[in-house]
Amino acid sequence: MDISVYRPGELTAADRAAWTAMQAKAHLHGSPELANPFLSPEFALAVGRCRRGVRIAVVREDGEPVAFLPFQRSAAGVGRAVGLGVSDAQGVVHRPGFTWDARELLRVCGLAVWEFDHLVEGQRPFEAHASGTFPSPVIDVDGGFDAYLAHLRDQAPKFTKSTLAKGRKLGRDAGEVVYVHDERDPAALRTLMDWKSAQYRRTGRSDRFAHDWITRLVQQLFHTRSEPFAGILSVLYAGGRPIAAHFGLRTERVLACWFPAYDPAYSKYSPGLVLHLRMAEAAAADGIAYLDLGRGQKEYKDSLKTREIHVSEGWVTRRHPVAFGHRARRAPVRALRNVVVSRPELFEPADKLLKQMGRIRSGRK
């Protein structure tokens, strides 16, 4: 086994093709999680154009690539999953049956520590170092949209009936409702990012689009299109006006949901829920197996999901002072956050406080 580490621009076309082929065949080998768009070479290369320190480890056996690990590395040897903070799937993309020594892989990559927060299932050498595992709800549409809608009606009849009724009322009140699954107008993307920034501020959360690299990353992925991968902007219009939108990433079998938002003026119609039902319908028609709603407790996710997959967070460390120092700084903050999020008696007052702070800041502006 031979391991080489490359800068993103050094990766050959043949290696990229091998990486994509592994993802395309993942569901056939019982590893559908490896088909996630966040594990695609296109995502790693896009992050590499926006962030320093992106590297790709390629493992070869008999000269042929058998595994790929994209990561970010600091000068001190602190490693992170590529796109940590915005990536919803992380890990090694590999051939069936391939396994690895986690610490040896870190050594070859020049890392004292490798941090992850959305490690996909099946990464046993890394899972041994996980500090927590969390549900990531999904919408299965492999059986077609009608089958999904029937499941939804059976699982949550009142929710389904109400959401469909709100969609019809939206059309009566605001004008003809039109859904565009793959909107190519950059102005629509800008509208979505503005909505999302306002939502972050309104709810007291950190505005991701205040970070230039995230804005540039999304814009790059919006313009990234190939047969196995694309950035997909979906928009719901009413009376010719955009009222809800979502930007995500897709491979042949998975649509990863990423940035949803809507115009608060239309909130009584639940436009975000209406949009997600339209997305599920269009995804099913495109041959998508499931929509990954991403880790995080949200009421709308619980209402729409058919099941849950799981992702993990944690650190793989070598015996190195940098590793001990990094974990000592990060572990308490992460543990406190997870305790608050997992306990309603703590999360609800914290969420309320954040929203109050958001309203105060908005009022000052």
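Residues numbered from 1 in each chain as written. Predicted model: local features only at pLDDT ≥ 70, side-chain atom pairs only at ≥ 80, totals over all residues. Heavy atoms only, no water.

**Considering the pattern of salt bridges**
Then step 1. Under the criterion given, the structure shown has 13 salt bridges.
Then step 2. Two residues, Arg216 and Asp212, come together in a salt bridge whose shortest N-O distance is 2.7 Å. Taken together, the positions of Arg216 and Asp212, both in helix 8 (residues 212-222) and 4 residues apart, correspond to about one turn of that helix.
Then step 3. Via salt bridges that share partners, Asp182, Arg184 and Arg225 belong to a single interconnected network. (Salt bridge = Lys/Arg side-chain N within 4 Å of Asp/Glu carboxyl O. Helix = DSSP H or I, 4+ residues; strand = E, 2+ residues; numbered from the N terminus.)

**Examining helix 1 (residues 13-24)**
Then step 1. Taking 1.5 Å per residue as the helical rise, helix 1 with its 12 residues ought to reach 16 Å, and the 16 Å between its terminal C-alpha atoms agrees with that figure.
Then step 2. Those residues of helix 1 that fall on the buried side of the exposure criterion are Asp15, Ala18, Trp19, Thr20, Met22 and Gln23.
Then step 3. Lining the buried residues of helix 1 we find helix 2 (41-50), strand 2 (54-61), strand 3 (64-73) and strand 5 (93-94). (Expected span 1.5 Å × (residues − 1). Buried < 20%, exposed > 50% of the residue type's maximum accessible area, 1.4 Å probe, protein only. Contact = heavy atoms within 4.5 Å.)

**Side note on the nonpolar core**
Then step 1. One finds Phe43, Leu217, Leu221, Leu233, Phe247 and Trp258 to be the most contacted residues of the largest nonpolar core, which totals 48 residues.
Then step 2. Setting aside its immediate chain neighbours within four residues, Phe43 contacts Pro37, Phe38, Val82, Gly83, Ser87, Leu217, Leu221, Phe229, Leu249 and Trp258.
Then step 3. In terms of nonpolar packing, the next biggest core, distinct from the first, is built from 32 residues, Val141, Ala156, Leu255 and Ala284 among them. (Core = buried A, V, L, I, M, F, W, Y, C linked by side-chain atoms within 4.5 Å.)

**As for helix 7 (residues 186-202)**
Then step 1. Between its terminal C-alpha atoms helix 7 stretches 24 Å, which fits the 24 Å expected from 17 residues at 1.5 Å a residue.
Then step 2. All of the buried residues in helix 7 are Ala188, Leu189, Leu192, Met193, Trp195, Lys196, Ser197 and Tyr200.
Then step 3. On its buried face, helix 7 is in contact with helix 8, strand 9 (230-238), strand 10 (241-250) and strand 11 (254-262).
Then step 4. A distance of 3.0 Å separates the backbone nitrogen of Ala187 from a side-chain oxygen at the start of helix 7, and that oxygen is part of Asp185. (Polar contact = N/O pair within 3.5 Å; in protein donor to acceptor, adjacent residues only side chain to side chain.)

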